[in-house]
Amino acid sequence: MSKAVHELGVAEGLALLEAGQLSSREWVDALLSREDRLGAFLHRDAVGARAAADAADARRAAGDTAPLLGVPLAHKDIFVTTEHPTTAGSKILEGYRSPFDATVVANLARAGVVSLGKLNCDEFAMGSANENSAYSKAHNPWDTTRVPGGSSGGSAAAVAARLLPAATGTDTGGSIRQPASFCGITGIKPTYGRCSRYGMIAFASSLDQAGPMARSAEDCALLLQAMAGFDERDATSLQQPVPDWRAQMLRQEGSQPLKGLRIGLPDEFFPQQLDADVNAAVRAGLAALQALGAELVPVQLPRTELAIPVYYLIAPAEASSNLSRFDGVRYGVRCEDPKDLLDLYQRTRTEGFGAEVQRRILIGTYVLSHGYYDAYYLQAQKLRRMIADDFQAAFKGCDLIAGPVAPSVAWAIGAQDDDPVKAYLADIFTLPGSLAGLPGMSVPVGTGAHGMPVGLQLLGNYFDEGRLLHAAHALQQATDWHKSAPQGL
């Protein structure tokens, strides 16, 4: 074995498991021996993980051929699990144990994965830096004074630091793609509805979507294959066949596997405010795609700037409705000695919710209130449709759309504490695709200022995950950007 066990990706480790050159227990032990100095985990279950690894090895010895049998990973703490506590990064759910597993968790368990625990995230997935977790801030493994991105910052940090080969994440407005970019890993948000939201604690129901985070496009394809599929318990789940994405991506022949692929470059994704170091890295990635046969064509997404105000009206509105269930009555934390029902509600929510969650609930309640629904929320929904229409117009002239994931590299922890709007603005390039429900991914394309990673964003049309993964895999076969790892961890 040429690599240390903890450095193995999903596909590499699977090959060794299938060849009998590695056991799941050895893989899990190697990962558990690594100290989490980043705050990536909220709950790490060494005893349960070793027992599950032993069970996976016994299943393989008995002839079981589950597609991910013995592969270790961990789940973002937004997915409910029976084996581990689920908090959504919030004090209001401290110590909560779910009576059932989220569908994504159950699907991966059926595929044979071994869960090491739950990963840190912004409270109820509200944030762009993983600084809103009620328990601890997660740190970027490339520079521990910087954020890992959010809200799936714990997932991204753990994969980048080689604490795990892969992890689950969720993307509401960019929360898979942005931390993947900041931490130098690969992450994909599939088409809205591809992965069931059942058991995924809701932030904004019309936007939330699960997806995998790993080191390569091939690893993401393996995970997404197991995660996706129709679920009758989720009204937004799509009855679409799940293709064999890995098989599609491996069918690459010749020196120009992307010949004939048209990649659209919107001027709106390359504004003057885009940091020069990010622009240079993204342009290098685009040049590599061009060398593989892709054609770069100009396209227009004229309502890109409207994505921020639209998102920050719709998402808080849905959050104010979804989070009303946390009232101290049915589950979660309850304030002590309430005087009456109103006092119970008020103090439970005041003590249980963090500042950012309270801010978004207040915004959402305001825009849904009488006299403001038509003026704000309804107008935002109309603009959302126009943003989606812009993408459909653009896809008439291209197959994929590319650009930066974020306008800068990861910023210093605490740098935006005094102005949350700065963090909102960092989502300018990821929000449009989320509002339209399109699949998108982040692929490493080098480093920018301070040696921090930069990701290239690729967006596809509905149900076009296969083309996204094919392009990303071709890029990663021809370059080594995705193989870079932070030092000293």
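Analysis parameters
Residues numbered from 1 in each chain as written. Predicted model: local features only at pLDDT ≥ 70, side-chain atom pairs only at ≥ 80, totals over all residues. Heavy atoms only, no water. Salt bridge = Lys/Arg side-chain N within 4 Å of Asp/Glu carboxyl O. Helix = DSSP H or I, 4+ residues; strand = E, 2+ residues; numbered from the N terminus. Buried < 20%, exposed > 50% of the residue type's maximum accessible area, 1.4 Å probe, protein only. Expected span 1.5 Å × (residues − 1). Arc of directions from axis to C-beta. Phe/Tyr/Trp six-rings, centres within 6.5 Å; stacked < 30°, edge-to-face > 60°. Lys NZ or Arg CZ within 6 Å of the ring centre and 35° of its normal. Pairing = 2+ DSSP bridges. Contact = heavy atoms within 4.5 Å. Axes fitted to C-alpha atoms, helices over the stretch in contact; angles between N-to-C directions. Parallel < 35°, antiparallel > 145°, perpendicular 65-115°, else oblique. Left-handed = near helix turned anticlockwise from the far one by under 90°. Nonpolar A, V, L, I, M, F, W, Y, C, P; charged D, E, K, R; others polar. Core = buried A, V, L, I, M, F, W, Y, C linked by side-chain atoms within 4.5 Å. Patch = residues over 30% accessible without salt bridge, like charges linked within 9 Å, V, L, I, M, F, W, Y side chains within 5 Å. Areas by Shrake-Rupley, 256 points an atom, 1.4 Å probe, with all protein chains shown as cover.

### A short note on the pattern of salt bridges
No. 1: Considering all chains together, one arrives at 23 salt bridges under this definition.
No. 2: Put simply, Lys118 and Asp77 hold a salt bridge, and the shortest N to O gap is 3.1 Å. One end of the pair, Lys118, is in strand β3 (residues 114–119); the other, Asp77, is in the loop between β2 (72–76) and α4 (103–110), with 41 residues separating them in the sequence. Neither residue differs from the other here; Lys118 and Asp77 are each classed as buried.
No. 3: Linking Arg197 and Asp234 is a salt bridge whose minimum nitrogen-to-oxygen distance equals 3.9 Å. Remark: Asp234 occurs in the loop between α7 (217–227) and α8 (245–250) and Arg197 occurs in the loop between β5 (186–189) and β6 (209–214); sequence separation between them is 37 residues. In terms of burial, Arg197 and Asp234 fall into one category: buried.
No. 4: Look at the salt bridges and you will find they share partners, linking Arg25, Asp29, Arg50 and Asp54 into a network.

### A closer look at helix α11 (residues 341–352)
No. 1: Taking 1.5 Å as the rise per residue, α11 with 12 residues should run 16 Å; its terminal C-alpha atoms sit 16 Å apart, in good agreement.
No. 2: Of the positions making up α11, those classed as buried are Asp343, Leu344, Thr348 and Gly352. Viewed along the axis of α11, the buried residues span an arc of 125°, placing them on a single side of the element. Among the exposed residues of α11, those oriented more than 90 degrees off its buried face are Leu342 and Thr350.

### So, the packing of aromatic side chains
No. 1: Overall, the coordinates contain 15 aromatic pairs when judged by the stated rule.
No. 2: A centroid spacing of 5.9 Å and a plane angle of 70° characterise the contact between Phe124 and Phe353, whose relative ring orientation is edge-to-face. Placement of Phe124 in the loop between β3 and α5 (153–160) and of Phe353 in the loop between α11 and α12 (355–368) is noted, with a sequence separation of 229 residues between them. Taken individually, Phe124 and Phe353 each receive the classification buried, so the pair is uniform in this respect.
No. 3: Ring-pair connections join several aromatic residues into one group, and the members of that group are Tyr96, Phe124, Phe326, Tyr331 and Phe353.
No. 4: Across from the ring centre of Phe270, 4.2 Å away, lies the NZ or CZ of Arg283, which sits over that ring.

### So, the pairing of β5
Side-chain positions along a regular strand alternate between the two faces of the sheet.
No. 1: Burial of β5 is two-sided: the residues Thr186 and Ile188 facing one way and the residues Gly187 and Lys189 facing the other way are all buried.
No. 2: Strand direction decides the pairing type here: β5 and β6, joined by 2 bridges, are antiparallel. Paired with Thr186 across the bridge in β6 is Ala214.
No. 3: Pairing of β5 with strand β10 (residues 440–447), which is carried by 3 bridges, proceeds in the antiparallel orientation. Note on β10: the bridge partner recorded for Ile188 is Met441.

### Focus: the environment of Ile428
No. 1: Inspection of the secondary structure puts Ile428 in the loop between α14 (420–425) and α15 (431–436).
No. 2: Expressed as a C-alpha distance, the spacing of Ile428 and Pro407, which sit 21 residues apart in the sequence, is 7.9 Å.
No. 3: Setting aside chain neighbours within four positions, we find Ile428 in contact with Thr304, Glu305, Ile308 and Pro407.

### Thoughts on the packing of helix α2 (residues 24–32) against helix α3 (residues 46–61)
No. 1: At their nearest, the axes of α2 and α3 sit 8 Å apart, and the two run at 160° to each other. On the basis of their axis angle, the class for α2 and α3 is roughly antiparallel. As α2 packs across α3, the resulting crossing turns out to be right-handed. Listed contacts from α3 to Ser24, Arg25, Val28, Asp29 and Leu32 of α2 are Ala46, Ala49, Arg50, Ala53, Asp54, Ala56 and Asp57.
No. 2: Per-class residue counts for the contact of α2 with α3 are 6 nonpolar, 1 polar and 5 charged.

### Thoughts on the pairing of β6
No. 1: Counting buried residues in β6 gives 6 out of 6 residues, a clear majority hidden from the surface.
No. 2: Where burial is concerned, the two faces of β6 agree: the one with Gln209, Gly211 and Met213 and the one with Ala210, Pro212 and Ala214 are both buried.
No. 3: Inspection of the sheet shows strand β4 (residues 166–171) paired to β6 by 6 bridges, in the antiparallel sense. The residue bridging Ala167 from the neighbouring strand is Met213, located in β6.

### A word on the nonpolar core
No. 1: Counting residues in each nonpolar core, the largest one holds 151 residues, and the members touching the most others are Leu68 and Phe124.
No. 2: When residues of this core are assigned to their parent elements, the largest contribution, 10 residues, is made by helix α10 (residues 307–322).
No. 3: Those residues in contact with Leu68, other than ones at most four positions away along the chain, are Val10, Leu14, Leu108, Ala111, Gly112, Val113, Leu222, Leu223 and Ala226.

### Comments concerning a nonpolar patch on the surface
No. 1: A surface patch of nonpolar side chains, about 280 Å² in accessible area, is lined by Tyr366, Tyr372 and Tyr376.
No. 2: Here Tyr376 shows up in helix α13 (residues 373–394).

### A look at helix α9 (residues 276–291)
Residues lying three or four places apart along an α-helix face the same way, a consequence of the helix completing one turn every 3.6 residues.
No. 1: Across its 16 residues, α9 extends 22 Å between first and last C-alpha, which sits within 8% of the 22 Å expected from 1.5 Å per residue.
No. 2: The inward-facing, buried residues of α9 abut β7 (262–266), β8 (295–299), β9 (400–404), β10, β11 (453–460) and α16 (465–478).
No. 3: Positive backbone phi, approximately 110°, marks Gly293, located one or two places after α9.

### What to know about unusual backbone geometry
No. 1: For the peptide bond that leads from Gly150 to Ser151, omega is 5°, which places it in the cis range.
No. 2: Relative to the assigned elements, Ser151 resides in the loop between β3 and α5.
No. 3: Unusually for a residue other than glycine, Arg162 sits at a positive phi of about 65°.
No. 4: For Arg162, the position within the fold is in the loop between α5 and β4.
No. 5: One non-glycine residue with positive phi stands out, namely Asp337, at about 50°.
No. 6: Inspection of the secondary structure puts Asp337 in the loop between α10 and α11.
No. 7: For Asp337, a relative accessible area of 68% corresponds to the exposed category.

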